[in-house]
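Below are the chains, spelled out letter by letter.
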Amino acid sequence: MYTGISGEAPPEDFSEEFPAILPILKRQVRGFCDKSTLLKRFPVLSWLPKYQLNYLFSDFVAGLTVALTAIPQGIAYAVVAGLEPQYGLYSGFMGCFMYFIFGSCKDITIGPTAIMSLMVAHYVTASPDYAVLSCFLSGVVIFLLGVLNLGFLVQFISIPVTAGFTSAAAITIASTQLKSLFGLPGQANDFIEAWSNFFHHISDIKLWDTLLGVCTVAFLLVLKRLNSIQRWRLFFRYFSLSRNAIAVITGTVLAYLLYKYHDDTPFTLTGNVASGLPPFRPPPFTTVVANETVSFSEMIHTLGSGIVAIPLVSILESVAVAKAFSKGKTVDATQEMIALGMCNIMGSFVLSMPITGSFTRTAVNNTSGVRTTLGGVFTGVIILLALGFLAQTFYFIPKTTLAAVILAAMFSMVEYELLFKLWRTRRIEVIPFMVTLISCLILGLEYGIVIGVAVNLLFVLYTTARPATAHDVRKILDTALLEISPDQSLVFSAAENFKYKVLKYTLDAPDTVSLIIINGHYVQSIDVTVAMNLNTLVADLKILGKAIVFWNWPRQAVALAWRLSPEFGVLFKRSDNVEDLVKLWHHEKQDYINGVTCN
């Protein structure tokens, strides 16, 4: 039986050289200093010299329109986070200014979002300093991941997991707004607590809050549909885009008039919003709670898993928004992470809570015809003006109106259409969607997304550990053979399973089969564990009286086999077809027999 020619030298040099680290490091260092890297990391340097004056009006209109949405949403999201309303505005301008310099997607608007607010809400019950510190730490983590060029990590979060997380966040956020929508007392920071609080206080529903809130939700949903009207398209488009501002202004004016002429208002109001700009100072590394100083390490302990979860979700949300509005262009996830990191780091110096790309405001920005990231600068300036001159008017904003604004935005975030699409196309992917959704609702967003990613990775690991393997018994040139073809690369987790399959197919094959061919056409690479298992497979088949040939495997696998053992490496052959391979096997087998006979 042919087993290979012992001691045969490899037909080419298969030695492995250790990569030269120093030249690689030198290239990387030089890359940081060249012009192309500078332009890549500071995109403003690329487009600003080419900026045209006619872009200015488009950017201004877009910036103004986004600001009309960002101001009421910012106040609402601060309430969701359990912070005073002005913190939502503090979070709304610095991200716009920093993204102008570092951002690579003209449409994205950085600021507070519903998901970020909900995640922060768990940590700010003692002091708002926790929100500001989490903003700084999130920025540092995100920035370091970007500098280390780890943007590819986002690829490990699949669309079903992302959709399940987004849907759970939307449902949770909508649930937490029931309290404000119906004017109920109590706490409502997560899904279960929100519904428990609702049913516990259902008898305390305030009629006028409920009436205004429900009418506002209906008003916002109707105005959203106006965007599709073709007649007087421009008017209806901007009327629709300004719907949040219109709703908030209407509710505020109504509450003010009732207070002025009746000395009272039937609605629960937002209350005092501190006027003036926030101080520019470093983020708080210590805080005072109940007249006791809390150290930095204690604050870190309180934030706990949020130090990792908040940056992860922030990156996920921002990159997802960038991809949605990239219009087919490649999104540089690394640059987006650097930009987002800088937005959070600098935002923490002006009392911002964690911020990221907002899908709602980005859609408004895109629809408004923004041309460059300069539109964000106009948005930031208008928010600053509102803080300086309009803060007192925010007192009369009804909380139910803000709740309605958030609720209306959440309807479009529930990915029920994708769920139906997954059911039609690949039903097994409904599992990570549902696991993520349910885990986020029951355990919380930060734990839910980790569980969703873990379940999704289990699918990948299972597929890797159990590669599909085709097999076929046939007769060529009077030789009965069994051809076995794995459909993917083989790694250590698949080594034992693949060896088991080969032995099983061999034992199930007719006794006349004398040659086993392992077709490596679809294999890109193998590791040492696989190579050693294949080597022991040769010995196992020899005991069964079968010969084995590895046909058309990649050079990486052949080189590894030769370095492991020349007797093993010689079994790897290349040919255009099976007939030529069988001829080569017969020829080498005869040469081996003749050599043994002569000896």
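This report concerns the structure included in the present document. Keep in mind it's a predicted model, so treat the numbers as computed, not measured. (Residues numbered from 1 in each chain as written. Predicted model: local features only at pLDDT ≥ 70, side-chain atom pairs only at ≥ 80, totals over all residues. Heavy atoms only, no water.)

1. Remarks on the layout of surface pockets
Okay, step 1: Here the second largest pocket is characterised by a volume of approximately 620 Å³.
Okay, step 2: Considering the residues around the second largest pocket, the lining is formed by 21 residues, among which Trp 47, Ser 104, Cys 105, Lys 106 and Lys 329 are closest to the centre. (1 Å grid on protein atoms, 1.4 Å probe; cavity = no way out; pocket = protein on both sides within 12 Å on 5 of 7 lines; lining within 4 Å. Points joined across faces, edges and corners; volume = space filled by probe spheres on them.)

2. Examining the sheet that holds strand S9 (residues 572–573)
Okay, step 1: Taken in spatial order, the five strands of this open sheet run S5-S6-S7-S8-S9, and their pairing is mixed. Strands with a single pairing partner mark the edges of an open sheet, and in this sheet they are strand S5 (469–476) and S9.
Okay, step 2: Sheet topology note: the strand S7 (residues 515–519)/strand S8 (residues 547–551) ladder contains five bridges and is parallel. Paired with Ile 518 across the bridge in S8 is Phe 550.
Okay, step 3: Each of S7 and S8 touches helix H24 (residues 528–543); the most contacted strand, S8, lies at about 150 degrees to it. (Pairing = 2+ DSSP bridges. Helix = DSSP H or I, 4+ residues; strand = E, 2+ residues; numbered from the N terminus. Contact = heavy atoms within 4.5 Å. Axes fitted to C-alpha atoms, helices over the stretch in contact; angles between N-to-C directions.)

3. Topic: the nonpolar core
Okay, step 1: If you look at the biggest cluster of nonpolar residues, it comprises 105 residues, and the most contacted ones within it are Ile 115, Phe 394 and Met 410.
Okay, step 2: In terms of residues, this core owes the most to one element, helix H19 (residues 399–410), which gives nine residues.
Okay, step 3: Non-local contacts of Met 410, meaning those with residues more than four positions away in its chain, are made with Ala 114, Ala 170, Ile 173 and Ala 174.
Okay, step 4: Listed in part, the 35 residues of the second largest apolar core include Phe 498, Ile 526, Leu 541 and Val 558. (Core = buried A, V, L, I, M, F, W, Y, C linked by side-chain atoms within 4.5 Å. Buried < 20%, exposed > 50% of the residue type's maximum accessible area, 1.4 Å probe, protein only.)

4. Thoughts on unusual backbone geometry
Okay, step 1: You will see that Leu 351, though not glycine, has its phi angle at about 65 degrees, which is positive.
Okay, step 2: Checked against the element boundaries, Leu 351 lands in the loop between helix H16 (333–347) and strand S4 (356–357).
Okay, step 3: A positive phi angle, near 55 degrees, is found at Leu 477, a position not held by glycine.
Okay, step 4: Structurally, Leu 477 is set in the loop between S5 and strand S6 (479–486).

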